[in-house]
Amino acid sequence: LECNRILCEINKLCEDFEKSEYYGKKAYEINPNDPRVVCAYGELKVLTGRADEGTELLIKAYELDPVGQGASNGDKRLGDVMLGAYVKGDYQQCLEYDKKIGKKQPIAWAAKIASLSALKQTNDKEAELNKFATNYPDIVLGDEIDKLHFQDATVKQTMKEMIS
């Protein structure tokens, strides 16, 4: 199980989505209730154009284990759900999960800001951009988006346009 989960993660980072799918699916079939497996497989689905399925899995991972191994709170898992909701185009869901999060990581900020942009909430978007800059003065949000490994590069480009 653990080897398959790790191979799913490694291949996802290397953008070998076919191998990542193989190992992620195998791990999920072995134990569909291991939150680490569910999260890894859900992230893969979000990155490979199946954001509806992926977001459902990310929500399941959060429900199975809100904090996650090695974490001090559920913010990482909630941020993953926010990204999935943004990618599938459910901007309201992204904003709903934002209400549950404590300290957002940069990608969660990007998902929220892009969702506000998509909803044409310009004032809220600008306010969030300012809050992000205050919380992460040394981080460029577009650079963080560049670190995402979407199979379809247009998803990344659109997200970058939405935050600018």
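Just above sits the structure.
What you are looking at is a predicted structure, and each value in this text was computed from that prediction instead of being measured.

Participant: Talk me through a nonpolar patch on the surface; I want residue IDs and the actual numbers.
Facilitator: Together, Ile6, Leu7 and Ile10 line one region of the surface with nonpolar side chains, adding up to about 220 Å² of accessible area. Residue placement: Ile6 occurs in helix H1 (residues 2-13).

Participant: So what's going on with the nonpolar core? Residues and values would help.
Facilitator: Counting residues in each nonpolar core, the largest one holds 37 residues, and the members touching the most others are Met82, Leu141, Leu148 and Met159. Those elements that provide at least two residues to this core are helix H3 (35-47), helix H4 (51-64), helix H5 (75-88), helix H6 (91-98), helix H7 (106-118), helix H9 (141-146) and helix H10 (153-163). Residues in contact with Met159, not counting those within four places in the same chain, are Leu83, Tyr86, Ala110, Ala111, Ala114, Ile145 and Leu148.

Participant: Lay out the environment of Tyr86 in plain terms, naming residues and giving numbers.
Facilitator: Assignment of secondary structure puts Tyr86 in helix H5. Separated by 27 residues in sequence, Tyr86 and Ile113 have C-alpha atoms that sit 9.7 Å apart. If sequence neighbours within four positions are ignored, Tyr86 has contacts with Tyr91, Cys94, Ala111, Ala114, Ser115, Thr158, Met159 and Met162.

Participant: I'd love a proper account of the packing of aromatic side chains, names of residues and values included.
Facilitator: Applying the stated criterion across every chain, the model contains 5 aromatic pairs. An angle of 80° between the planes, with centres 5.0 Å apart, marks the rings of Tyr22 and Tyr23 as edge-to-face. Feature note: the residues Trp109, Phe132 and Tyr136 constitute an aromatic cluster, connected by ring pairs. Here the guanidinium or amino end of Lys100 rests over the ring plane of Tyr97, the centre of that ring lying 4.3 Å away. Lys104 extends its terminal NZ or CZ atom over the ring of Trp109, reaching a point 4.2 Å from the ring centre.

Participant: Before we move on, can you summarise unusual backbone geometry with the specific residues and values?
Facilitator: One non-glycine residue, Glu15, adopts positive backbone phi at about 60°. Counting through the fold element by element, Glu15 comes out in the loop between H1 and helix H2 (17-30). Accessibility expressed as a relative area gives 40% for Glu15, which makes it partly exposed. Its identity as a non-glycine residue notwithstanding, Lys120 has a phi of 60°, on the positive side. Topologically, Lys120 is positioned in the loop between H7 and helix H8 (122-135).

Participant: Before we move on, could you go through the side chain of Arg5 and cite the residues and values that matter?
Facilitator: Position of Arg5 among the secondary structure elements: in helix H1. A distance of 2.4 Å separates a polar atom in the side chain of Arg5 from a polar atom in the side chain of Glu2. In this structure Arg5 touches Ala27, Arg36, Val37 and Ala40, once residues within four positions along its chain are discounted.

Participant: Can you tell me about the environment of Leu58, naming the residues and giving the values?
Facilitator: In this fold, Leu58 is placed in helix H4. A relative accessible area of 2% places Leu58 in the buried class. Note: C-alpha distance between Leu58 and Ala85 (27 residues apart in sequence) is 9.8 Å. When residues no more than four places from it in sequence are discounted, the contact partners of Leu58 are Cys39, Gly42, Glu43, Val46, Asp80 and Val81.

Reading the values: the criteria
- Residues numbered from 1 in each chain as written.
- Predicted model: local features only at pLDDT ≥ 70, side-chain atom pairs only at ≥ 80, totals over all residues.
- Heavy atoms only, no water.
- Patch = residues over 30% accessible without salt bridge, like charges linked within 9 Å, V, L, I, M, F, W, Y side chains within 5 Å.
- Areas by Shrake-Rupley, 256 points an atom, 1.4 Å probe, with all protein chains shown as cover.
- Salt bridge = Lys/Arg side-chain N within 4 Å of Asp/Glu carboxyl O.
- Helix = DSSP H or I, 4+ residues; strand = E, 2+ residues; numbered from the N terminus.
- Core = buried A, V, L, I, M, F, W, Y, C linked by side-chain atoms within 4.5 Å.
- Buried < 20%, exposed > 50% of the residue type's maximum accessible area, 1.4 Å probe, protein only.
- Contact = heavy atoms within 4.5 Å.
- Phe/Tyr/Trp six-rings, centres within 6.5 Å; stacked < 30°, edge-to-face > 60°.
- Lys NZ or Arg CZ within 6 Å of the ring centre and 35° of its normal.
- Polar contact = N/O pair within 3.5 Å; in protein donor to acceptor, adjacent residues only side chain to side chain.

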